[in-house]
Amino acid sequence: MTVDVAAIRSGFPALRLGVAHFDGPGGSQTPECVADAVAATLVAGVANRGTVTAAERRAEDIVTGARAAVADLLGCQPGGVVFGRSMTQLTYDVARALAKEWQPSDEVVVTRLDHDGNIRPWVQAAEAVGATVRWAEFDSDTAELPVEAVTDLLSDRTRVVAVTGASNLLGTRPDVAAIARAAHDAGALVYVDGVHLTPHAPIDVAALGADFFACSPYKFFGPHHGVVVADPALLESLRPDKLLPSSDAVPERYELGTLPYELLAGTTATVDFIAKLVPGDGNRRRRVLTSMAAVEEHEEKLFDRLLDGLAGIDAVTLHGSPARRTPTALFSVRDRNGRDVYEHLASRGVNAPASQFYAIEASRWMGLGDEGAVRAGLAPYTNDEDIDRLLAGVAEVAR
Ligand SMILES: Cc1ncc(COP(=O)(O)O)c(C=O)c1O
């Protein structure tokens, strides 16, 4: 099944502005149907969740609907879907809840490849109880994170392994399933940062072996909030801090304050939109998987063109060459700092920012310091013309 890029693009008002967006890894553009769902909810007559008034029931249905939608996107149970402000906030919350049971003799494993959102919450939670942090290092030439780089650090003291599903800086997709198998054998939980992976691949949290899997709908066409999913039984076993009168049920126990109903309605619309990206049969879960497989194929083809084009420009250095990757390229141009390239491209209507993108450990490890480099990330709406424009802009600045 192939992606009809022109048809997809027609759903995105922002793309009519004529900008080529390679900034999707920072946040994708949003289709009109998602914006409509958000706006409609705000004016629909919504109250706090309940069963007495129609407004209460609408809020209830929105939350139930959004949990079902995320479950179809990720292949998990609706009762294990926790909503929050962002992946960062949810990861801090889960880390603090887990750390309540840690001892000073315990250890957590983090990777140098990860976004700081899946590093610092664990480092700080470990520090608070005197537990030890073990760092898994990746290969700074290839940007690969070998399975053994993580599994060699495991012991019967390991409580959590925090690993990314895909690097938002370099695109690397570590073998999370193999890491998770070894972590489970050691008795550790696995927390997967799926923020950068979810927009680019079909996701099955059980197949990945993720005990927790976090993602952010604003990276895959949706509104700005975060999600973490887990087995409801695991969520049941933890005691996060919460208010006395708020629900102790799972997953509500983890959802501090009132949920953003309008954003959740937007997320349901997002999953419905993804399910319709290509024609498909079966229930929404099946259609999501069909769509995401088609997206992966489409992005891979375009990405090959992008990589070949960049490699063909003499002054360009591509950072990392992981075998399994998302369509996300990090590059520098000789004698130009990243900011110059970023600004030159922006002046040509091509959005490809330069930064370490909060993967600060990875950027430093690659020798790119706190400045990082230029990142060009593809999205399902990226087309050949976008690639041509990016390559032309880079060639100009590389002269
Ligand atoms: C890989 C990765 N993890 C985590 C985050 C943080 O997500 P949030 O903004 O939802 O906290 C980002 C955001 O860029 C990301 O790319």
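The following paragraphs examine the structure supplied in this document.

The rules behind the values
- Residues numbered from 1 in each chain as written.
- Predicted model: local features only at pLDDT ≥ 70, side-chain atom pairs only at ≥ 80, totals over all residues.
- Heavy atoms only, no water.
- Pairing = 2+ DSSP bridges.
- Helix = DSSP H or I, 4+ residues; strand = E, 2+ residues; numbered from the N terminus.
- Axes fitted to C-alpha atoms, helices over the stretch in contact; angles between N-to-C directions.
- Contact = heavy atoms within 4.5 Å.
- Expected span 1.5 Å × (residues − 1).
- Buried < 20%, exposed > 50% of the residue type's maximum accessible area, 1.4 Å probe, protein only.
- Polar contact = N/O pair within 3.5 Å; in protein donor to acceptor, adjacent residues only side chain to side chain.
- Salt bridge = Lys/Arg side-chain N within 4 Å of Asp/Glu carboxyl O.
- Disulfide = S-S within 2.5 Å.
- Phe/Tyr/Trp six-rings, centres within 6.5 Å; stacked < 30°, edge-to-face > 60°.
- Lys NZ or Arg CZ within 6 Å of the ring centre and 35° of its normal.
- Arc of directions from axis to C-beta.
- Patch = residues over 30% accessible without salt bridge, like charges linked within 9 Å, V, L, I, M, F, W, Y side chains within 5 Å.
- Areas by Shrake-Rupley, 256 points an atom, 1.4 Å probe, with all protein chains shown as cover.
- Lys, Arg positive; Asp, Glu negative; His and termini not counted.
- Charge placed at Lys NZ, Arg CZ, Asp CG, Glu CD.
- Near = heavy atom within 4 Å.

Below, the discussion takes up the sheet that holds strand β4 (residues 132–136). Taken in spatial order, the seven strands make up an open sheet running β2-β8-β7-β6-β5-β3-β4, and their pairing is mixed. Each edge of the sheet is formed by a strand with only one pairing partner; in this case those strands are β2 (81–84) and β4. Taken pair by pair, the neighbouring strands of this sheet meet at an average axis angle of 20 degrees, ignoring direction. With four bridges connecting them, β2 and strand β8 (residues 226–230) associate as antiparallel partners. Across the sheet, the residue bridging to Val81 is Val229, located in β8. Helix-sheet contacts for helix α4 (residues 87–99) involve β2, β5 (158–164), β6 (189–193), β7 (212–215) and β8, and the interaxial angle to β6 is about 170 degrees. Contacting β5 and β6, helix α7 (residues 176–185) crosses the sheet at an angle of about 175 degrees to β5.

Attention now goes to α4. With 13 residues, α4 extends 18 Å between its outermost C-alpha atoms, agreeing within 8% with the 18 Å of an ideal straight helix rising 1.5 Å per residue. Where α4 is concerned, the buried positions are Met87, Gln89, Leu90, Thr91, Asp93, Val94, Ala95, Ala97, Leu98 and Ala99.

With respect to the element layout, Thr172 can be found in the loop between β5 and α7. With relative accessibility at 1%, the residue Thr172 sits in the buried group. Taking the C-alpha atoms as reference, Thr172 lies 10.0 Å from Phe138; in sequence the two are 34 residues apart. When residues no more than four places from it in sequence are discounted, the contact partners of Thr172 are Leu113, Ala143, Glu144, Leu145, Gly165, Ala166, Ser167, Pro322, Arg324 and Arg325.

Attention now moves to the side chain of Thr198. Along the chain, the position of Thr198 falls in the loop between β6 and α8 (205–208). By relative accessible area, Thr198 is classed as buried at 3%. Within polar-contact distance, the side chain of Thr198 engages the backbone oxygen of Gly194 at 2.6 Å. Setting aside its immediate chain neighbours within four residues, Thr198 contacts Leu73, Leu74, Ile203, Phe213, Cys215, Phe220 and Met292.

This next bit is on the pattern of salt bridges. In the structure shown here, the tally under the stated rule is 26 salt bridges. Here Arg120 and Glu361 are joined by a salt bridge, their closest N and O atoms 2.8 Å apart. Here the residue Arg120 occupies a position in helix α5 (residues 120–129), and Glu361 occupies one in helix α13 (residues 360–365), the gap between them amounting to 241 residues. Between Asp248 and Arg239 there is a salt bridge, with the nearest N and O atoms lying 2.8 Å from each other. By relative accessible area, Arg239 is classed as partly exposed at 42%.

Across all of its chains, the model carries zero disulfides by this definition. Sulfur of Cys33: no disulfide; nearest cysteine sulfur belongs to Cys215 and is 18 Å away. Cys33 gets classed as partly exposed once you look at its relative accessible area, which sits at 36%. Take Cys76: it sits in no disulfide, and the sulfur closest to it among the cysteines is that of Cys215, at 8.7 Å. Judged by its relative accessible area of 17%, Cys76 falls in the buried class.

Throughout the structure, instances matching the rule amount to eight aromatic pairs. Each ring, one from Trp122 and one from Tyr191, has its centre 5.0 Å from the other, and the planes form 65 degrees; the classification is edge-to-face. Here Trp122, found in helix α5, pairs with Tyr191, found in strand β6; they are 69 residues apart in sequence, far enough to count as distant. With respect to class, Trp122 is no different from Tyr191; both count as buried. Members of the aromatic cluster, joined through ring pairs, are Phe12, Phe221, Phe273 and Tyr381. Sitting over the face of the ring of Phe357, Arg375 holds its NZ or CZ atom 3.6 Å from the ring centroid.

Okay, helix α12 (residues 338–347) next. Within α12, the full set of buried residues consists of Val341, His344 and Leu345. Seen end-on, α12 carries its buried residues on one side only, within an arc spanning 95 degrees. Of the residues in α12, the exposed ones pointing more than 90 degrees away from the buried face are Arg339 and Ser347. Residues of α12 that are buried in the fold lie against β10 (328–333), β11 (350–351), β13 (373–377) and α14 (384–398).

Taken together, the side chains of Glu297, Glu300, Asp304 and Asp308 make up a negatively charged region of the molecular surface. In this fold, Glu300 is placed in helix α11 (residues 284–311).

Let us now look at the site of the ligand. Near the ligand you find Ser86, Met87, Thr88, His115, Asn168, Asp193, Val195, His196, Ser216, Tyr218 and Lys219, and these make up its full shell. Within the side chain of Tyr218, a nitrogen or oxygen atom sits 2.5 Å from an oxygen atom of the ligand. One of the side-chain N or O atoms of Lys219 is found 2.6 Å from an oxygen atom in the ligand. Within the complex, the protein chains bury 90% of what would otherwise be the 390 Å² of accessible surface of the ligand.

This part is about the sheet that holds strand β9 (residues 316–318). In sheet architecture, strand pairing relies on hydrogen bonds along the backbone and comes in two forms, parallel and antiparallel. A sheet is described by the order of its strands in space; here four strands give the open sequence β9-β10-β13-β12, paired in antiparallel fashion. The open sheet is flanked by β9 and β12 (354–355), the only strands paired with a single partner. In this structure, β12 lies alongside β13, joined through two bridges in antiparallel fashion. For Ala354, the partnering residue across the bridge sits in β13 and is Val374.

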